[in-house]
Amino acid sequence: MAASDRADRRREAALGLAMVAAPIGVVCLLIVVPAIQAATFSLGLVPTDNLVFSTGQHLVNSDTATLAVYRDLLASPFIRDDLWLTVWISLLSVVLVAIVAYVLALYVRFGSGRLPKIVRSLYLIPMFVPVVIASYAAITFYVDRGVLAAMLHAVGLPYVSPAYKASGVVITQVWFNIPFAVLMLGSGLDGIEQELIESAHDVGAGFMTVLWRIVLPMNVVPLLIVLTFTFIGVVGSFTIPFLIGPNAPQMFGVAIQAYFSNYNQPQAAVALAVMLFAICAVAGVVYVWATGRSNQHAVTL
Amino acid sequence: MRTTWFWDVPEFRRGLGLILVFGLSSFLLLPLLTLLLWAFADEWRYPNIIPQSASLKWWEWVFTNGDVGSAVRYSFITAPVVTLIAAVICLPAAYSFSRFRFPGRRALFISLLAANAFPKIGLYVAIATLFYRLNLMGTYWGVVLIQLVGTLVAMVWIPAAGFDSVARELEDAARDAGAGPLRVFWSITLPLAMPAIVVAAFLAFLAAFDESQGTLIVGSPQIVTMPTLMYTLVVNYPEPVGAIFSILLSAPSVILLLIARRYLLAGYLAAGFKGR
């Protein structure tokens, strides 16, 4: 009996592993291998079998790992400006997304009447709008002498357009990232029981006390997921800064695409990509940890 | 009196709610409305809040343009195939994660999140350098693979949650009544997990159909899908062209949304990790 039990369990393990092999294989082939290759290529270790690499412009080719590519890139004031712009746009977007989404999630969860219902269907809209369209819609609306300018002009207010500036990128990122953030924070808030809040009210806790002492501490993991996921998303974005962002300095996403496709400098592009990986490493680890943790509660795994 | 007494005044909170709803709807909807108006505008100059004259002439231009036709074709031969491949490789994995015990199960499940933990543009460039070596740049399968990256998490995680939610008692009861394992799966487990699978397929299709950044890097100039053509249209043509094309590009999302509506409300969206 015990022997057949063990055989059964071994068969189950083998079958289980075989069934998950395909998507895990795709992750290895399309994420792990490219990431490692990008790192070694950016360190000057150029694969000889690749004509495109070895004919790229400004190629650093070395037998041992060298940081020459990074040194050259970071020596450029343009790249340093791009890096700085990328980091602060990302941080600002993340903070704004978190604040706006928290207000919306709280309102949908604890508000009463018809208005929260309207908000509930409103905030999902950007989820179904492709990012290219979102960016283009933002341009047509916010551009200098555009619709918003006309509306403000009609009531006699001055207007400074955020289009083709860093602020345009931030506004569009907030627009685009609201649905995921509210969904995520909302799913955390749903787990907080009404009785808990009511009993806090009964002992005299006001709105702010309840928020600060009960709601926020119980919703830390979803908040971490929102912060990290949004940060990684904004850092690695291309479409929004490409269409509505400034030309110089520009965000890393735009620079990477230009180095890769337009300047024929795949090594520099890959080195910039590895720098993005490094910037997002901590956020990535926290994101994976927090998502895994929150999933433990949601799904019986 | 506490300094935050005003929070507990009903009128204050209702007024705040109104401002919130008004601000949110303006912020979210006005840019989209602007685009919608542009699609039917002929002339729209500052400081007019609405177009001066309407016209459908650009619709004809868009519908007879060869690039647009080719992009529509490429979009519809990539995204459905990506969704199908994602379903074929991910649904068995989702079932396995939900039902079988095997070593490294949780770690492997979590490792799928790697697709979201890397900044997208960096990942795409890294993949593209690999694709050069594999001669996949500018090819159909290169585009299919790059779009596949963004579908994995949704296509495993959401159906796995769906399989988890199927009550084991029902399966046991069917088995007691004499149903074989396959019969139990087809008649009990699969139908009950279907809402989750539909939501996952819906999100996977949208992720593939709307994917623009990776497709631009790996596919162009040979393979130009609708979202990647949008980059060119937006830069090189007057506003109505981009606006009309935006409507065409959002049509599948809206149609699918209406079809899958009752499933989407079932609460699986919260798990919808969009890979962008």
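Residues numbered from 1 in each chain as written. Chains lettered and ligands numbered in written order. Predicted model: local features only at pLDDT ≥ 70, side-chain atom pairs only at ≥ 80, totals over all residues. Heavy atoms only, no water.

Enquirer: Looking at this model, I keep getting lost on the overall build of chain B. Mind explaining?
Expert: Scanning chain B for helices and strands turns up 13 helices and 2 strands. For 276 residues, the compact-globule formula gives about 19 Å, and the C-alpha radius of gyration of chain B, at 24 Å, lies well above that figure. Considering only C-alpha atoms, chain B reaches an extent of 75 × 70 × 35 Å along its principal axes. Within chain B, buried positions represent 54% of all 276 residues. For chain B, long-range pairs separated by at least 24 residues make up 71% of all intrachain contacts whose partners lie at least 6 apart in sequence. Counting every atom, chain B has about 11900 Å² of accessible surface; 68% of that belongs to carbon and sulfur. (Helix = DSSP H or I, 4+ residues; strand = E, 2+ residues; numbered from the N terminus. Rg over C-alpha atoms; globule rule 2.2 N^0.38 Å. Buried < 20%, exposed > 50% of the residue type's maximum accessible area, 1.4 Å probe, protein only. Contact = heavy atoms within 4.5 Å. Areas by Shrake-Rupley, 256 points an atom, 1.4 Å probe, with all protein chains shown as cover.)

Enquirer: I tried to follow the overall build of chain A on my own but got confused; where do I start?
Expert: When helices and strands are tallied, chain A shows 14 helices and 0 strands. The helix and strand sequence of chain A, counted from the amino end, reads α-α-α-α-α-α-α-α-α-α-α-α-α-α. In terms of overall size, chain A is more extended than a compact globule, its C-alpha atoms giving a radius of gyration of 24 Å where 301 residues would be expected to give roughly 19 Å. Principal-axis analysis of the C-alpha atoms gives chain A an extent of 85 × 70 × 30 Å. Relative to its full complement of 301 residues, chain A shows a buried share of 54%. Intrachain contacts of chain A at a sequence separation of at least 6 include 70% that bridge at least 24 residues. With 14 positive and 14 negative side-chain charges, chain A shows a separation of 4 Å between the mean positions of the two kinds. (Lys, Arg positive; Asp, Glu negative; His and termini not counted. Charge placed at Lys NZ, Arg CZ, Asp CG, Glu CD.)

Enquirer: Looking at this structure, I do not really get the packing of aromatic side chains. What am I missing?
Expert: Any pair of aromatic rings gets described here by the distance separating the centres and the angle formed by the planes. All names here are of chain B. What the rule picks out here adds up to 26 aromatic pairs over all chains. When the ring of W61 is compared with that of Y237, the centres are 4.7 Å apart and the planes differ by 50°; the resulting orientation is tilted. Note that W61 is positioned in helix α2 (residues 57-64) and Y237 in the loop between α12 (226-236) and α13 (239-264), a separation of 176 residues in sequence. Y237 gets classed as partly exposed once you look at its relative accessible area, which sits at 33%. For the pair F205 and F209, a centre-to-centre distance of 5.5 Å together with 20° between the ring planes defines the contact as stacked. Highlighted residues: F205 and F209, both in helix α10 (residues 181-210), separated by 4 residues, approximately one helical turn. Here the aromatic cluster, defined as three or more aromatic residues joined through ring pairs, consists of Y95, F100, F163, F185 and W186. Here the guanidinium or amino end of R73 rests over the ring plane of Y74, the centre of that ring lying 5.2 Å away. (Phe/Tyr/Trp six-rings, centres within 6.5 Å; stacked < 30°, edge-to-face > 60°. Lys NZ or Arg CZ within 6 Å of the ring centre and 35° of its normal.)

Enquirer: Can you walk me through the interface of chain A and chain B in this structure?
Expert: When the parts of a complex come together, some accessible area is lost, and that lost area is often taken as the interface size. In this assembly, 99 residues from chain A lie in contact with 101 residues from chain B. Interface of chain A and chain B: buried area, both sides summed, is about 9000 Å²; carbon and sulfur atoms make up 79% of it. The interface formed by chain A and chain B includes 13 residue pairs in polar contact (both at pLDDT 80 or more). Among the elements that make up the side of chain A that touches chain B, the one with the highest residue count is helix α1 (residues 2-42) of chain A (20 residues). Taken together, the residues of the side of chain A that touches chain B break down into 75 nonpolar, 20 polar and 4 charged. (Buried area = accessible area lost by both parts, 1.4 Å probe. Polar contact = N/O pair within 3.5 Å; in protein donor to acceptor, adjacent residues only side chain to side chain. Nonpolar A, V, L, I, M, F, W, Y, C, P; charged D, E, K, R; others polar.)

Enquirer: What am I meant to see in the confidence of the model for chain B here?
Expert: Interpretation of this model should avoid reading the predicted coordinates in detail wherever pLDDT is low. Residue and element names in this part refer to chain B. Overall, the predicted model of chain B reaches an average pLDDT of 88, with 92% of residues at or above 70. α13 is the least confidently modelled element of chain B, averaging 85 in pLDDT, while helix α7 (residues 140-149) averages 96, the highest of any element. The low-confidence segment residues 272-276 (pLDDT under 50) makes 24 contacts with residues lying over four places distant or belonging to another chain. Predicted as a complex, the structure gets a pTM of 0.90 and an ipTM equal to 0.89. (pLDDT = per-residue confidence, 0-100.)

Enquirer: Which parts of the structure should I look at to understand the nonpolar core?
Expert: Burial of nonpolar side chains together is a common tendency in soluble globular proteins. If you look at the biggest cluster of nonpolar residues, it comprises 190 residues, and the most contacted ones within it are A:Y123, A:V215 and A:L272. The residues contacting A:V215, other than those within four sequence positions of it, are A:Y102, A:L106, A:F110, A:L189, A:I192, A:I197 and A:V210. (Core = buried A, V, L, I, M, F, W, Y, C linked by side-chain atoms within 4.5 Å.)

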